[in-house]
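Breakdown of the fold
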Amino acid sequence: MTVRVRFAPSPTGYLHIGGARTALYSYLFARAQGGKFILRIEDTDLERSKREYELAQIEDLKWVGITYDEGPDCGGPYGPYRQSERFDIYQKYAWQLVEASMAYPCFLTEDELAALTAQAEAEKKSPHVYHDKYRSFDLTEARKKIAAGEPYVIRFKNPQKPYHFKDLVRGDVHFKEDMVGDFVIIRANGLPVYNFCCVIDDVEMKITHVIRAEEHLNNTVRQLMIYEAIKAPIPEFAHVSLLIGEDRQKLSKRHGATSVSQYREENYLPEALINYLCLLGWSHPDETDIFSIDELGSKFDLTRFSKSPALYDIQKLKFFNEQHLRRLPTSVLREKLIAIAPTDHRFPEQTPEWQDKFIELYKDKIQLLPELLEKTDEVFRVEMLDEPEFQEAMSWETTPQIREFLKKKLDDPKLEVMTEDLYTQWMDALKNELKIKGKPLFMGSRAVLTGVTHGPDLKILMALTPISVLKERLALFS
RNA sequence: GCUCCCAUCGUCUAGCCCGGUCUAGGACACCGCCUUUUCACGGCGGGAACAGGGGUUCGAAUCCCCUUGGGAGUACCA
C-alpha cells in the first residue's frame with residue numbers, strides 16, 4: 001500500500017508557521033516512505049475563506065520548498081482538491097447516513113437549542129445533548145418538512161459508546177462515551193462541517209496517515225464515529241505537539257511574527273526556517289541539528305516526536321539562519337543581496353569582484369541577510385564614532401603622525417585605487433620610518449582610516465574602500 | 001465544570017518502550033579563557049534539569065499509583 005499523506009489548511013489567513021511545520025512533517029514522511037503528498041484546501045467556511053489566502057499559502061509552501069503531488073492547482077486522480085467543489089459528495093454521504101438511520105435531519109430552532117443547553121448547564125451536565133426529539137424520525141415526514149422549506153441541519157447520531165485509537169505519537173488514546181453529543185455534519189445552509197468532510201475526503205483520497213496538530217486530538221472521536229458509520233478503514237493518526245509562545249499558550253498572531261510570509265519579507269532563509277521548525281518537537285536520529293530537507297532524506301520517521309509542546313524561540317531561529325547563511329556560496333549570497341537591495345543602495349553598483357570580497361569579509365558577522373547590506377556603511381561612512389576606545393586612540397601622540405603620513409600618501413595624484421599591498425607598504429613605512437609599532441600603529445591607523453576602533457580585517461577593508469572616502473575621513477581631523 | 005493530552009537545564013532536546021553503561025549527553029542563550037595587536041569567527045571551559053510524594057526493585061530519569069502544575073478541546077470555525 002502506498003503511503004498517502006495530506007496537508008489540509010483552510011484558506012482563512014496566511015500560512016502559519018505551525019501549519020508549515022505540520023505540512024513539513026507530512027511532506028517529509030511521504031518522501032521518506034516513497035509515498036504521495038497531497039494538498040487539500042478546506043474552504044467550507046465560505047465566510048472566512050478567500051482564494052487570495054489559498055494562493056498565498058501555496059506560494060509560501062513553495063517558498064519553503066514543500067512540493068505536493070496532488071492539489072488544487074495541479075490536479076490528481078482524486079480531485080477536486082478544494083472542498084468547496086465537493087459539496088455534492090458530502091451531501092451524498094450525509095443522506096446515505098440519514099437513510100441508514102445513522103444521522104437525522106434536526107429541526108430544532110435556535111431558541112430550543114439554547115434552552116436545551118441552558119438546561120444541561122443547570123443540571124451540571126455536559127452542554128452537549130442528544131436531540132431526542134428528532135433522533136427517531138420518519139424519513140418521508142422529514143422530507144416533507146424539508147420540501148416545505150423548514151430549516152434543518154443534519155446531525156450525526158452518536159452511538160454513545162467509548163472509542164479508542166492508537167496514535168503514532170501519543171500511544172493509546174481513550175475517549176469516554178459521553179464526550180460529544182449528536183453533532184452537526186451538515187449545516188442549515190447545506191454546507192458540511194469540518195469533522196465530517198475531513199473524514200469523507202481522507203477516505204475518498206485514500207489517505208493512509210493523518211499528521212496534524214494536537215488541537216485536533218479531541219476531534220478524532222467524532223471522526224472515528226464517522227469512519228465506523230461509513231465502514232471505511234481508519235488511517236494512522238499522528239497528533240503532533242503544539243507550538244507555544246513565551247506565555248506557554250498556543251502560538252497565535254499576538255505572539256508576533258507567526259506567518260511564513262513575514263519571515264520571507266524579513267529575508268530569512270527558507271531552509272533555515274524549515275530546519276528550525278523541523279526540530280521543534282522532533283529530533284534527528286543522529287542528533288544532527290543543521291541540515292536541509294534533502295539531507296534529511298529517508299531519516300525522517302514518526303517515532304521521534306516529543307509529546308510536550310515546544311516553545312517557539314526567534315533567537316534560536318536566527319542561529320539556524322546564521323548557520324545556513326554560512327553554507328551558501330559567495331556567488332549565491334551576492335545574487336540574493338542584489339535582489340533584496342533597495343533601489344538606491346550602493347551594493348548593486350559595485351563590481352562583482354568587490355561584492356565577493358565584501359561578502360567574504362563580513363558573512364561570518366551576521367545572522368540575517370539584510371545585515372550584510374547594512375555593513376556597506378562601514379566601508380563608505382565618513383564620520384567619527386564617539387566611543388571611549390576611539391577617544392583613547394586619538395589621544396596617543398603617535399596618532400597625529402600617522403594621520404599626517406597617510407594624508408600625504410593619499411594626496412599623491414598618481415594614486416587611483418587602494419590595494420592590500422599598498423596598505424601593507426604603508427604600515428611597513430610607518431613602522432620603519434616613524435618607528436611606530438604595536439597597538440598605537442594598528443589601532444591608531446584604524447581609528448584614523450575608518451573612524452572606529454573595531455571592525456573587520458583592516459587590510460581587506462582598505463582594499464574595498466574608495467580613495468575619496470579615505471581622504472574625506474582624514475580631513476575630518478583638521 | 002467535563003473530556004483528552006503533557007511534565008529532563010531559562011529554551012529546544014537525547015536518554016524512557018527493552019530499569020544498572022547517567023556523578024544525566026548535545027544545541028541555543030549567558031559567563032570565562034585562548035586565538036585575533038581591534039571586532040567577529042573559531043577553539044577550550046563554566047554555571048544550569050530528571051515537578052513533588054509514595055510504591056515495585058539489590059538498583060528508577062526510565063515501570064506503577066497519587067498529588068501538583070501546564071496545555072488543548074468542549075461550535076451550524078478548522
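Residues numbered from 1 in each chain as written. Chains lettered and ligands numbered in written order. Predicted model: local features only at pLDDT ≥ 70, side-chain atom pairs only at ≥ 80, totals over all residues. Heavy atoms only, no water.

1. Topic: the packing of helix α3 (residues 87–99) against helix α7 (residues 194–204)
To keep things clear, this is the line we draw: An axis is simply a line fitted to the C-alpha atoms; with a helix, the fit covers only the stretch in contact. Between two such axes, the angle follows the N-to-C directions and lies from 0 to 180 degrees. Strands are runs of DSSP state E lasting at least 2 residues, helices are runs of H or I lasting at least 4, and numbering of each runs from the N terminus. In what follows, roughly perpendicular refers to angles from 65 to 115 degrees, roughly parallel to angles under 35, roughly antiparallel to angles over 145, and oblique to any angle outside these ranges. We call two residues in contact whenever any of their non-hydrogen atoms come within 4.5 Å of each other. Three categories are distinguished: nonpolar for Ala, Val, Leu, Ile, Met, Phe, Trp, Tyr, Cys and Pro, charged for Asp, Glu, Lys and Arg, and polar for the others, with Gly belonging to the last.
Viewed as axis vectors pointing N to C, α3 and α7 meet at an angle of 105°, and their least axial separation amounts to 10 Å. Of the possible angle classes, the one that applies to α3 and α7 is roughly perpendicular. On α7, the residues that touch Ile 89, Tyr 90, Tyr 93, Ala 94 and Leu 97 of α3 are Phe 196, Cys 197, Ile 200, Asp 201 and Glu 204. Across the contact of α3 with α7, the residue classes break down as eight nonpolar, no polar and two charged.

2. Thoughts on the protein's contact with RNA strand B
To keep it simple, the criterion reads: Working definition: residue near molecule or strand if any one of its non-hydrogen atoms lies within 4 Å of it. Here a polar contact is recorded for every N or O atom pair within 3.5 Å, except that within protein the pair must consist of a potential hydrogen donor and a potential acceptor, and residues adjacent in sequence are included only if both atoms are side-chain atoms.
Taken together, 55 residues surround RNA strand B, and among them Thr 44, Arg 187, Gln 249, Lys 365 and Phe 442 come closest. A share of 74% of the atoms of RNA strand B within 4 Å of the protein falls on sugar and phosphate groups. In this structure, a sugar or linking oxygen belonging to RNA strand B sits 2.6 Å away from a side-chain N or O atom of Arg 170. Within the side chain of Ser 283, an N or O atom sits 3.1 Å from a phosphate oxygen of RNA strand B. Among the secondary structure elements, those contributing two or more residues to the surface near RNA strand B are β6 (171–175), β11 (310–311), α12 (314–327) and α20 (438–450). In terms of residue class, the surface near RNA strand B is built from 18 nonpolar, 15 polar and 22 charged.

3. Things to note about the sheet that holds strand β7 (residues 184–186)
Adjacent strands of a sheet form backbone hydrogen bonds with each other and so pair up, either parallel or antiparallel. Going by this rule: Paired strands, in this sense, are two strands between which DSSP finds at least two bridges.
Taken together, three strands build an open sheet; the order of strands is β3-β4-β7 and the sheet is antiparallel. Of all strands in the sheet, those bounded by a partner on one side alone are β3 (103–106) and β7. In this sheet, adjacent strand axes meet at a mean angle of 40° when their direction is disregarded. Examined bridge by bridge, β3 and strand β4 (residues 153–156) share four bridges and lie antiparallel to one another. Following the sheet pairing, Pro 105 is matched in β4 by Ile 154.

4. Considering the packing of aromatic side chains
Condition: Put simply, two rings from Phe, Tyr or Trp (the six-membered ring, in Trp's case) pair if the centres are within 6.5 Å, and we call them stacked under 30 degrees between planes, edge-to-face over 60, tilted for the rest. For the exposure calls, accessible area comes from a 1.4 Å probe over protein chains only, and a residue counts as buried if that area is under 20% of its type's maximum, exposed if over 50%, partly exposed in between.
If you walk through the whole model with that rule in mind, you get 23 aromatic pairs. An angle of 10° between the planes, with centres 6.0 Å apart, marks the rings of Phe 165 and Phe 175 as stacked. Highlighted residues: Phe 165 in strand β5 (residues 163–167) and Phe 175 in strand β6, separated in sequence by ten residues. When its relative accessible area of 6% is taken as the criterion, Phe 165 is described as buried. What makes Phe 175 buried here is its relative accessible area of 5%.

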